[in-house]
Every structure is written in C-alpha cells, then in structure tokens.
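# Structural characterization, general
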Amino acid sequence: DLFVLPSVWDEALGYVIVEAMAAGRAVVATRTGGIPEVVIDGESGLLVERNDAHALSAAIGTLLHDDERRGAMGQRGREIVEAKFAMPVAIEQTYQLYARLSGATSTSASSIPTLSSRCAASARASRWRFPPACGSLRGLRPRPSAPSC
C-alpha cells in the first residue's frame, strides 16, 4: 500500500522509488539528493527532512490512515513514471541528448525507422526494461535470433 525510503544519503535518483511509483504505490521518502525530482511532495507522496524520525513517522501514519489520499498519490505517481520514465520516453530523451551533442539535424528518434518501430514498440510491450532485441542500446550485442535495432 505504501513505499518508504528513509535515506540519509544523497540518493542520485532513487530508482527504487520509480519502481514503487510504477506499481501505483504512494511514497514517503526523505528530501535528499534526486528524490525530490521524482516524488512531488503532496502529490505523489510525502517528503520529510533527513534524520527526522518524528516527521517520517507522522508521514507514514498520515498515509496509512487515509486510503483515499494514499490511492490518489499512488495513481499520480504512476502517471508521473509513465510520463517521465517509460521506455519510449527514455529512448526519445537519449536520442535527443545524442543528437544535441553530435549536432545532428534530426529532431526526433522517430526519424530513425528501426528505432521507433522495433525498439519503441518492444519497449512498450516490455513495460520497464530494455527488450532483448534492443540490447545494442545498452552497448550489448542483440541476440542472434532477435531483430537488430
């Protein structure tokens, strides 16, 4: 029903939070590192200051006792993950970065037919992981039986 990450470190991203939000869980986490970039305080979860056990306990109690708010936060978290972290979005953002750094004239990954048709469709089907056919996107060779990206 609820995901809690009381980190005392400066988490770079807290990808485990992204996974919890993808599962529709409201989040209680500490306001540190990149966590506030993922969790919108009061919208997809509650953020508390690092090393504040009382605030952490209060935030957990608040959401455990309010099913409606917890459910709404979980739903909003899932929407945020789908908009920011889904594979087609990640592919497009990565392509945009490479295009900008290389000075390419194309403005969208959709201009690469094999990327947009095979890999993006496979990515949508796999939900949150690189599909085997797109191993080359991670610097790995595709499986011999899989179509190449």
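Summarised in this report is the structure supplied together with it.

Criteria and cut-off values
In this numbering scheme, every chain counts its residues from 1 along its sequence in written order. pLDDT decides what is reported in this predicted model: residues at 70 or higher carry local features, side-chain atom pairs at 80 or more are listed and counted, and totals for whole chains, interfaces and linings draw on all residues regardless. Only hydrogens and water are removed before side-chain values are computed, so all heavy atoms of the structure are retained for them. Runs of H or I in DSSP of at least four residues are treated as helices and runs of E of at least two as strands, each being numbered from the N terminus. With a 1.4 Å probe rolled over the protein chains alone, any residue whose accessible area is under 20% of its type maximum counts as buried; one over 50% counts as exposed, and the rest are partly exposed. Whenever two N or O atoms come within 3.5 Å, that pair is a polar contact, provided that in protein one can donate a hydrogen and the other can accept it, and provided that, for residues adjacent in sequence, both atoms are side-chain atoms. Criterion for a salt bridge: a side-chain nitrogen of Lys or Arg within 4 Å of a carboxyl oxygen of Asp or Glu. In this analysis, a patch consists of residues with relative accessible area above 30% that form no salt bridge, clustered at 9 Å for like charges and at 5 Å for the nonpolar side chains Val, Leu, Ile, Met, Phe, Trp and Tyr. Using a 1.4 Å probe, accessible areas were evaluated by the Shrake-Rupley method; residue-level cover was limited to the displayed protein chains. If DSSP finds at least two bridges between two strands, the strands pair. Contacts are assigned to residue pairs with any non-hydrogen atoms lying within 4.5 Å of each other.

Another point: the side chain of threonine 32. Among the secondary structure elements, threonine 32 is positioned in the loop between strand E2 (26-30) and helix H2 (35-38). You can call threonine 32 buried: its relative accessible area is 4%. Engagement of the side chain of threonine 32 in a polar contact is seen with the backbone oxygen of tryptophan 9, the distance being 3.1 Å.

Right, let's get into the pattern of salt bridges. Under the counting rule described, the total for this entry stands at eight salt bridges. As a salt-bridge pair, glutamate 43 and arginine 76 come within 2.6 Å of each other at their nearest N and O atoms. Here arginine 76 lies in helix H4 (residues 67-84) and glutamate 43 lies in the loop between H2 and strand E3 (45-48), a separation of 33 residues in the sequence. Accessibility expressed as a relative area gives 29% for arginine 76, which makes it partly exposed. Residue glutamate 82 is joined to arginine 78 by a salt bridge in which the shortest nitrogen-to-oxygen separation is 3.3 Å. Of the two residues, glutamate 82 and arginine 78 both sit in helix H4, four residues apart, roughly one turn of that helix. Among the charged side chains, a network of salt bridges with common partners joins Asp1, Asp67 and Arg70.

Here we take up a nonpolar patch on the surface. Together, Leu97, Tyr98 and Leu101 line one region of the surface with nonpolar side chains, adding up to about 350 Å² of accessible area. Its location among the elements puts leucine 97 in helix H5 (residues 87-102).

Turning to the pairing of E3, a few remarks are in order. Judged by which residues are buried, E3 turns out to be covered on both faces: Gly45 and Leu47 on one side and Leu46 and Val48 on the other are all buried. Where E2 lies against E3, four bridges are found, and the strand directions are parallel. Residue pairing in the sheet places threonine 30 in a bridge with valine 48 of E3.

Attention shifts here to helix H1 (residues 15-22). The complete set of buried residues in H1 reads Ile17, Val18, Ala20, Met21 and Ala22. Buried residues along H1 sit against strand E1 (2-5), E2, H2 and H4. Just downstream of H1 lies glycine 24, where phi reads positive at about 80°.

In this structure, aspartate 10 sits in the loop between E1 and H1. Residues aspartate 10 and arginine 31 lie 21 residues apart in sequence; the distance between their C-alpha atoms is 9.0 Å. In this structure the side chain of aspartate 10 is engaged in a polar contact, spanning 2.7 Å, whose partner is the side chain of threonine 32. At a separation of 3.4 Å, a polar atom in the side chain of aspartate 10 contacts the side chain of arginine 50.

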